[in-house]
Amino acid sequence: MKTILDNIVNNKKREVAELYRSNPHFEKAIQERSFDRSIVQHIENIHKPGVIAEFKRQSPSKGVINSQSNPIDVIQKYEKAGAIATSVLTDHRFFGGSISDLTQVRPHTNLPILRKDFIIDKLQIDEAAASGADIILLIASILTEKEVFDFTMHAKTIGLNVLLEVHDEIELQKACSEIDLLGINNRDLKSFTIDYDRSLRLLDKIDNTFIPISESGLSCSSIVNDLYQAGFKGFLMGEKFMKEEDPGEACIQFTRKLK
Ligand SMILES: O=P(O)(O)OC[C@@H](O)[C@@H](O)c1c[nH]c2ccccc12
């Protein structure tokens, strides 16, 4: 049976084919990129849970989460809240985002920006860099080990940081030493169930050269504090903030409870 993830990837293949047909020229913008927003050093120096706050209008599991908020307003407040980075969902069909959300936000924040999308081709990495992203997400479950390696090397040569997302031990084997951040998704992208214990067990198996990030389904500050004590450094959170009328304010309230 086809899962939503299969549908997302199939749609992404069509989008990438279209992107190639439009014959984009990303080289100049890539050359002119500034390299002043590394999440890596920052996350190691803050000595408390680092929130990567996400801008997401909708999701396949939750439907519409927030159709009103403006990405610039939200992300400026995320920055004020002390988030260490922001994540912008750029998939349109399933998440209601766009690459222009990212481009728009870039001049209005100093936070490192993660392009959150389903990357299946190098051209999307060039597009991310040209549009102002600092970090890309690679999802192990939709890539081969070779793709993870090739895409990582490509991203690093053009100055991007790489967050590799895994969900189990088999996917973890696809990691290569050049990635920067290793995300463990608490949510199974196939069944959408959330399981922190499984993430904690997986954390034990992670090479300590990677910075571990806990992703998805996080809404309670005490769980985030516990996961931090267990070794996770960064926390990718979207819905908890975006479901509120004022997501930035929700982030400010939440980060106050972290220690
Ligand atoms: O909204 P949440 O449950 O806080 O989750 C945020 C983020 O982890 C989630 O959006 C996500 C994690 N991995 C992904 C891969 C693709 C799209 C989305 C995601």
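Keep in mind that what you see is a predicted model, and the values were worked out from it rather than measured.

Our next topic: the packing of helix α1 (residues 4–21) against helix α6 (residues 122–130). Contact pair α1 / α6: the axes reach a minimum separation of 10 Å and the direction vectors enclose 70°. Considering the angle they form, α1 stands roughly perpendicular to α6. Judged by the sense of rotation from one axis to the other, the crossing of α1 with α6 is left-handed. Facing K12, V16, L19 and Y20 of α1, the residues of α6 in contact are L123, Q124 and E127. Its residues assigned to classes, the contact of α1 with α6 comprises 4 nonpolar, 1 polar and 2 charged.

Take the sheet that holds strand β5 (residues 113–116) next. Spatial ordering of the closed barrel is given by β1-β4-β5-β6-β7-β8-β9-β10, a layout of 8 strands whose pairing is parallel. When strand polarity is set aside, the average angle formed by the axes of neighbouring strands in this sheet is 25°. Against the sheet, helix α7 (residues 145–157) touches β6 (135–139) and β7 (161–166), its axis set at about 155° to β7.

On to the pairing of strand β1 (residues 50–55). Counted residue by residue, β1 has 6 buried out of 6 residues, so it is predominantly covered. Residues of β1 alternate between two faces, with G50, I52 and E54 on one and V51, A53 and F55 on the opposite face, all of them buried. As paired elements, β1 and strand β10 (residues 234–237) share 4 bridges and run parallel to each other. In the strand pairing of β10, I52 is matched with L236. The pairing of β1 with strand β4 (residues 85–89) spans 4 bridges and is classified as parallel. Counterpart to I52 in the pairing with β4 is A85.

Procedures and definitions
- Residues numbered from 1 in each chain as written.
- Predicted model: local features only at pLDDT ≥ 70, side-chain atom pairs only at ≥ 80, totals over all residues.
- Heavy atoms only, no water.
- Axes fitted to C-alpha atoms, helices over the stretch in contact; angles between N-to-C directions.
- Helix = DSSP H or I, 4+ residues; strand = E, 2+ residues; numbered from the N terminus.
- Parallel < 35°, antiparallel > 145°, perpendicular 65-115°, else oblique.
- Left-handed = near helix turned anticlockwise from the far one by under 90°.
- Contact = heavy atoms within 4.5 Å.
- Nonpolar A, V, L, I, M, F, W, Y, C, P; charged D, E, K, R; others polar.
- Pairing = 2+ DSSP bridges.
- Buried < 20%, exposed > 50% of the residue type's maximum accessible area, 1.4 Å probe, protein only.

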